[in-house]
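Residues per chain are reported as follows:
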Amino acid sequence: MRTRTAMPLDSVRLAQFAVPFPCHICGSENTLAATLCQHCSAPMSIAHQVRETGIAPHVVTVLGSSGAGKTVYLGTLLDMLSRERAPLQLTSRGAYSLSLQQNTMSALARCEFPSKTPSEADCWNWAHCQVRDPADRRPIELLVPDMAGEAMQTEADHPLTFPVIRQLLGRSEGVMVMIDALEAGTGGSSQEFLVMKMLSYLSQLRTDRRRKKPDTRPVALILTKADQCEDCFEDPSGFARRRLPGLWKLCQQHLQNCHYFASGVAGCCAWQVEFGRQRVRVPLRLEPRGIVEPFVWLVRHLQK
Amino acid sequence: MSHRPSTRLTWMLLACALLAVAAAWTTPDVPLGAGGAALLVVTFVWRVRRRAPQAVAADPAAASAGATPPARQRVDAPRSGSASRVRRPSSVPRTEQQALIDQMLQQGRYTLLLRRQLVGNLDREQLEHTLELLHEAMAVVPEGNVRMAQPDWDAVPGHQEPAPGRLVHVAPLLLDRYAVTNADYQKFVDAGGYQEMPLWAPEIWPGVLQFVDRTRHPGPRDWTQGAHHPDLADHPVVGVSWYEAAAYARWVGKRLPTDAEWVKAASWPVAVGGVELEQRRYPWGESLDERKANVWSTGAGRTVPVTALPAGSSVNGIVQLIGNVWEWTTGDYGMWHPPSRSIQAPQPLKSLRGGAFDTYLEHQATCDFQSGDSPLARKHNIGFRCAISLCDLALWTAEEACGEQLVALDDARQLEREESLA
């Protein structure tokens, strides 16, 4: 017995693979139907967006160790800027850009922190958005990946393990560095070393010709979890000078355009113990402080 | 008002003693005279010794009031009968005790004066003034049950289903209409509240010295030179720990509300069908309105005066229970959590209610939501208001002495009737 079926011609199927489509991050060729870059795992929708709009976004990287608060900061920032009363207006480019905001806010609303960002680059969230400053008519396109702290640490120790990180740092026009103020306040120095490694790696990636000139990229050094370390809010720069002397000196020597900020999202945290599970740190309420200011500073420098 | 038996006995003894002395004087009977004189002395001593512990020991707040030594200073207040209610002419020079009472009234310590031990010291004018202050500053929260909701982590935030909870009975109380302001707290600081150790819990005595302002003077964290910013006099006091809030409350003769009392005042539960409690999500209704509460979405970004946003008052006229500043209560954080999910912190956290000007999520600024913080935390968005149980005030005594109908007293009487009917 014969049945009729519709079979696409092989030539049509092959055509999808035959048309090369470069990834916006690493520039390697992918197929038109690919959702993630097969080389660096960046979402191909960024490349599609760029081709449609004709505007290449500025890449802003967020550096910091695992647990420093990168995801919470970014998710809260995106949520705050997408509300009406914000100094900058933010519009997401594509549905994938909202995942970070959605995941973070859902978790915080349940009085939990979002789960740890996996090291695998194909699991990261990316924020591709248009930012409009009411004081400036020109909107600015930004691409902010939420990279995993562990992956950054591995890349800093063993370069080229994560090509996407190398590519992003190389293209980065603005940098936000997250440092856990709570840990720094109690004398911990592991984060300081990691951030110093990352900043050194960042300057290493600049081409030789550019390396002769001082690095003028805006770098916002954000002391996170400052809500539990109140003196950090009073004077973030002084706090960094006292508690993170190595990082302070590195920034003084190599970065011409850096500024210290303090931020906090939770008003208070505690440990929650649930029967049959590990104890987890939970926020008892959501009171964002110092979230928008570093970003506004960074965007205004990028606009110059 | 009738005299108490002990007072009657005193007067009888005194009368007998005087009669005996008078009889001995007219008929030179030495034993009768000596007996009368001895009786006179005994009566006097007994009367003096009876009064001292009554006024001091019964109430530590009253003891710390500075209003004490009631045994020596007490002046018999008009008790009953129209003749005794004559208004004292203003030309009469005020005694030291009356000046002290006036000072306490100026300091907002009116509830201390309405304690059973002290109410008798007030003259009619002071009593009227005290009751007026009470009525203006505090609102009655009637007796009844309140459902203390358990946090429902699996629920979608903002859901309208009643959360599971525990029924708690609340006795009638008076709750401050407004949060304690900087101006109010300044009186406590100026009166040396940080040096009066009986006001402070003994476990915090070593820590009181750490409760200093920016210039190392005793006071809230953000003050300078022991004084608040002149523009923020009517803003809620912030930067005070739970212990400072409790000490202030004790100084004014009040206390911090319990968790259940606070929730009852805000959510105003009504028993539907006599069983199910209908509680409000916000004091004004079921949805957040930025014009009624100072939260993050209101956009103020800082505290506002305690009298602002009156549209957000509770049913009985308590202002800003939601928003502006979190409020300390006496409860512990996590006390309503299910046993399977407990909270660990270096020290037990105290309960906070109501949300603040920077509370970002709507469902965290509701009557139900409980947050917490260390009792030593002195944060920029945590303040407090005070409460007092109705049973701690001699309102009926005051009413009879005053001879006037006051709304607060009517409310209290109504509550008593309801209680007796129940």
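Residues numbered from 1 in each chain as written. Chains lettered and ligands numbered in written order. Predicted model: local features only at pLDDT ≥ 70, side-chain atom pairs only at ≥ 80, totals over all residues. Heavy atoms only, no water.

J.: Now, about the overall build of chain A: what can you tell me, with residues and values included?
T.: Along the backbone of chain A there are 13 helices and 13 strands. Its C-alpha atoms give chain A principal-axis dimensions of roughly 80 × 60 × 45 Å. The burial tally for chain A puts 53% of its 304 residues in the buried class. A sequence separation of at least 24 residues applies to 67% of the contacts in chain A between residues at least 6 apart. Counting every atom, chain A has about 14600 Å² of accessible surface; 51% of that belongs to carbon and sulfur. Of the charged side chains in chain A, 35 are positive and 29 negative; the average position of the first set lies 5 Å away from that of the second. (Helix = DSSP H or I, 4+ residues; strand = E, 2+ residues; numbered from the N terminus. Buried < 20%, exposed > 50% of the residue type's maximum accessible area, 1.4 Å probe, protein only. Contact = heavy atoms within 4.5 Å. Areas by Shrake-Rupley, 256 points an atom, 1.4 Å probe, with all protein chains shown as cover. Lys, Arg positive; Asp, Glu negative; His and termini not counted. Charge placed at Lys NZ, Arg CZ, Asp CG, Glu CD.)

J.: Residue-level account of unusual backbone geometry, with values.
T.: All names here are of chain B. In the Ramachandran plot, L309 falls in the positive-phi region, its phi being about 55° despite a non-glycine side chain. Following the sequence through the fold, L309 ends up in the loop between strand 6 (276–278) and strand 7 (326–332). With a phi close to 70°, N324 is a non-glycine residue in the positive phi region. Here N324 shows up in the loop between strand 6 and strand 7.

J.: Provide a residue-level description of the nonpolar core, including the pertinent values.
T.: All names here are of chain A. Of all hydrophobic cores here, the largest spans 57 residues; its most connected members are I25, W124, W126, V164, I165 and L199. Not counting the four nearest positions on each side in its chain, I165 is found in contact with W124, M147, A151, M152 and E155. Of all hydrophobic cores here, the second largest spans 41 residues; its members include A68, L74, A127 and F295. (Core = buried A, V, L, I, M, F, W, Y, C linked by side-chain atoms within 4.5 Å.)

J.: How would you explain the interface of chain B and chain A if you had to name every residue and give the values?
T.: In this assembly, 31 residues from chain B lie in contact with 29 residues from chain A. Together, the buried faces of chain B and chain A total about 2600 Å²; carbon and sulfur atoms form 48% of this surface. Notably, a salt bridge pairs E234 of chain A with R214 of chain B, separated by 3.3 Å at the nearest N-O pair. Across the chain B-chain A interface, the total number found is 17 residue pairs in polar contact (both at pLDDT 80 or more). Breaking the side of chain B that touches chain A down by element, the ones donating at least two residues are strand 8 (341–344) and strand 10 (370–373) of chain B. (Buried area = accessible area lost by both parts, 1.4 Å probe. Salt bridge = Lys/Arg side-chain N within 4 Å of Asp/Glu carboxyl O. Polar contact = N/O pair within 3.5 Å; in protein donor to acceptor, adjacent residues only side chain to side chain.)

J.: Explain the environment of Y110 of chain B residue by residue, including any values.
T.: Residue and element names in this part refer to chain B. Take Y110: it is sitting in helix 6 (residues 110–113). Separated by 27 residues in the primary sequence, Y110 and A137 have C-alpha atoms spaced 9.9 Å apart. With residues near it in sequence (within four places) discarded, Y110 still touches M104, L105, T130, L133, L134, A137, M138, D176 and K254. Within polar-contact distance, the side chain of Y110 engages the side chain of K254 at 2.8 Å.

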